[in-house]
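# Examining the three-dimensional arrangement
Below, each chain spelled out in residue letters.
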Amino acid sequence: MRCIIARFAFDLTKSEVERAMKGIKPETVTGDCVIIGRRTYPLKQVGEVVTRQDRRDFSAEEVARALSRLGFTCTRAAAAPAPAAAPTPLEKASALLGAL
């Protein structure tokens, strides 16, 4: 399928993208991502590998649009759970007294 990324036309197929990403370790996902096989990759990493262009030359939306048309699932990374709040001095004292 013909896709336009960073004003350049690419003829991509789903199998070519899967083959290009095979053996590449996914970077930490913090924003938009794509699921390829059983792995979740950042969109910019996949765009860089597939197009051989610098990540600054294209947007994640361009890559997401192209990969979605090829049949891949593009999503936003799940937000990390918020860290638990530190207990107040009163809660600490109650816990100590309750432990006796």
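Residues numbered from 1 in each chain as written. Predicted model: local features only at pLDDT ≥ 70, side-chain atom pairs only at ≥ 80, totals over all residues. Heavy atoms only, no water.

### Structural notes on the pattern of salt bridges
Selection rule: Salt bridge, as used here: a side-chain nitrogen of Lys or Arg that lies within 4 Å of a carboxyl oxygen of Asp or Glu. Relative accessibility decides the category of a residue: with a 1.4 Å probe and only protein chains considered, values under 20% of the type maximum give buried, values over 50% give exposed, and everything between is partly exposed.
Counted by the stated rule, this structure contains five salt bridges. For Asp54, the salt bridge is made with Arg56, and the minimal N-O distance between the two is 2.8 Å. Owing to a relative accessible area of 31%, Asp54 belongs among the partly exposed residues under this scheme. Of the residues examined, Arg56 reaches a relative accessible area of 72% and is grouped as exposed.

### Section: helix α3 (residues 60-70)
Rules: Numbering of helices and strands runs from the N terminus, with a helix taken as a DSSP run of H or I at least four residues long and a strand as a DSSP run of E at least two residues long. Residue contacts are defined here by distance: any two heavy atoms, one from each residue, within 4.5 Å place the two residues in contact.
Along α3, the positions that sit buried rather than exposed are Ala60, Glu62, Val63, Ala64, Ala66, Leu67 and Leu70. Buried-residue contacts for α3 involve β1 (2-5), α1 (14-21), β3 (32-36), α2 (43-51) and β5 (73-76). Phi turns positive, to about 105°, at Gly71, one or two residues after α3.

### Thoughts on the state of the cysteines
Filter applied, for reference: Cysteine sulfur atoms that pair up within 2.5 Å are treated as a disulfide.
In the structure shown here, the tally under the stated rule is zero disulfides. With no disulfide partner, Cys3 has as its closest neighbouring cysteine sulfur the one in Cys74, 11 Å distant. Left unpaired, Cys33 is separated from the closest cysteine sulfur, that of Cys74, by 8.1 Å. Cys33 sits in the buried class, given a relative accessible area of 4%.

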